[in-house]
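# Survey of secondary and tertiary structure
Spelled out, the chains give:
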Amino acid sequence: MWTNFCQALSASIDLFLPPVCLLCGQLLPPGSNPRAFCATCRLAMRPLGKSNCSRCAQPFPASLSQHLCVTCLKRPRTFTKVYAACSYQDRVKDAIQQLKYRNQINLAQPLGQLLSESVATSTVRFETDCIVPVPLHSTRLKERGYNQALEIARPLARDLGVPIATGLLTRTLKTPAQQGLTAAERKNNLRNAFTLGKSISARNILLVDDVMTTGETVRECCRVLLQGSIKEVRVAVIGRA
Ligand SMILES: [Zn+2]
Ligand SMILES: [Zn+2]
């Protein structure tokens, strides 16, 4: 009886307020999840090609097989693997920028779902104890009102059945945005930006961020995390540039 009532109510809501794609506004088929992307947007969110760095997922030209990129060969090892849901372009880029800079927090749920599906279908399995979202500095958190990395981590944590540890890593230094800086400037910009917070018993961690470009942010987070009792850090991002 109650189920029938809920189905009827949902059908009536669909009739007057049909679900639309959160990104482009196109009508979704009746009965669709109201917090979703349409098929056109979803198709434009392309997964990474098969040819990329086996550690940091940096894309290579299609003809090259999987190996370590120059950066991973040169730099000390921090994370052991990057799970990337999509290539950072087209509608993925648009969705992430709307989430970060235009207060579209409702995009976090379907983006987080993409990430969760990507981790679940990866052939490289990882037993993680908890998820650590890349933290924002408290001033930026106040300005934005939410940490987009934490919001996209929520569906992933729910699907993996692991907790989110928000107090483990803190961003103590307010640094200029990484966007527009050279690789060397990005590295310097982040030096000592993060500190290790409360200690936890977790050994294996999945670090979550929205985008990975040169990877300096996640490298610096991992460097700090590995100073504690953490044994292994892997990284999960929505967009890989
Ligand atoms: Zn759409
Ligand atoms: Zn690499």
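Below or above, wherever it landed, is the structure these notes cover.

For helix α7 (residues 148-160), built from 13 residues, the straight-helix expectation of 18 Å at 1.5 Å per residue is met to within 8% by its first-to-last C-alpha distance of 19 Å. Regarding α7, the residues found buried are Gln148, Ala149, Leu150, Glu151, Ile152, Ala153, Pro155, Leu156 and Ala157. As for α7, its buried residues are in contact with α4 (90-101), α5 (108-121), β2 (130-133), α6 (138-144), β5 (204-212) and β6 (232-240). Immediately downstream of α7, the backbone of Gly161 shows phi near 70°, a positive value.

What follows deals with the pattern of salt bridges. Where charged atoms from two side chains of opposite charge come close, those side chains can pair. Applying the stated rule across the entire model yields eight salt bridges. Between Lys100 and Asp210 there is a salt bridge, and its shortest N-O distance comes to 3.1 Å. In this pair, Lys100 sits in helix α4 while Asp210 sits in strand β5, placing the two residues 110 residues apart along the sequence. The class of Lys100 is buried, set by a relative accessible area of 17%. Taking the relative accessible area as the measure of exposure, Asp210 reaches 3% and is therefore buried.

Moving on: the coordination of the zinc ion (ligand 2). Looking at the zinc ion (ligand 2), one finds its protein donor set to be Cys53 (SG), Cys56 (SG), Cys69 (SG) and Cys72 (SG), positioned 2.3 Å from the metal centre. One can describe the site at the zinc ion (ligand 2) as tetrahedral: its four donor atoms subtend angles covering 106 to 115° at the metal. Every donor residue of the zinc ion (ligand 2) comes from the same chain, spaced as C-x2-C-x12-C-x2-C. Placement of Cys56 in the loop between α2 (39-44) and α3 (70-74) and of Cys72 in helix α3 is noted, with a sequence separation of 16 residues between them.

This paragraph deals with the packing of aromatic side chains. All told, the structure shown has zero aromatic pairs when counted by the stated rule. Above the face of the Tyr83 ring, Lys81 is positioned so that its terminal group lies 5.6 Å from the ring centre.

Every protein donor of the zinc ion (ligand 1) is listed here as Cys21 (SG), Cys24 (SG), Cys38 (SG) and Cys41 (SG), and their distances to the metal cover 2.3 Å. Going along the chain, you hit the donors of the zinc ion (ligand 1) in the pattern C-x2-C-x13-C-x2-C. A residue pair is termed long-range when its members are at least 10 positions apart, and Cys21 in the loop between α1 (2-16) and α2 and Cys41 in helix α2 qualify at 20 residues. For the pair shown, Cys21 and Cys41 are each scored as buried.

This part takes up unusual backbone geometry. Keep in mind that most residues, glycine aside, have a negative phi and that most peptide bonds are trans. With a phi close to 65°, Ala57 is a non-glycine residue in the positive phi region. Following the sequence through the fold, Ala57 ends up in the loop between α2 and α3. Assessed through its relative accessible area of 4%, Ala57 is described here as buried. Although it is not a glycine, Asp90 adopts a positive phi angle of roughly 45°. Of note, Asp90 is situated in helix α4. Taking the relative accessible area as the measure of exposure, Asp90 reaches 40% and is therefore partly exposed.

Structurally, Arg171 is set in strand β3 (residues 169-171). No salt bridge is formed by the buried Arg171. Its closest oppositely charged neighbour is Asp209, at 6.7 Å. Looking at Arg171, its side chain comes within polar contact range of the main-chain oxygen of Pro135, at 3.4 Å. Of note is the side chain of Arg171, whose polar atom sits 3.4 Å from the side chain of Thr175.

What counts and what doesn't
- Residues numbered from 1 in each chain as written.
- Chains lettered and ligands numbered in written order.
- Predicted model: local features only at pLDDT ≥ 70, side-chain atom pairs only at ≥ 80, totals over all residues.
- Heavy atoms only, no water.
- Helix = DSSP H or I, 4+ residues; strand = E, 2+ residues; numbered from the N terminus.
- Expected span 1.5 Å × (residues − 1).
- Buried < 20%, exposed > 50% of the residue type's maximum accessible area, 1.4 Å probe, protein only.
- Contact = heavy atoms within 4.5 Å.
- Salt bridge = Lys/Arg side-chain N within 4 Å of Asp/Glu carboxyl O.
- Donors = N, O, S within 2.8 Å, 3.2 Å for Na, K, Ca; no water.
- Tetrahedral: all angles 85-135°; square planar, octahedral: opposite > 155°, others 65-115°.
- Phe/Tyr/Trp six-rings, centres within 6.5 Å; stacked < 30°, edge-to-face > 60°.
- Lys NZ or Arg CZ within 6 Å of the ring centre and 35° of its normal.
- Lys, Arg positive; Asp, Glu negative; His and termini not counted.
- Polar contact = N/O pair within 3.5 Å; in protein donor to acceptor, adjacent residues only side chain to side chain.

Without other data, these values stay purely geometric and don't point to any function.
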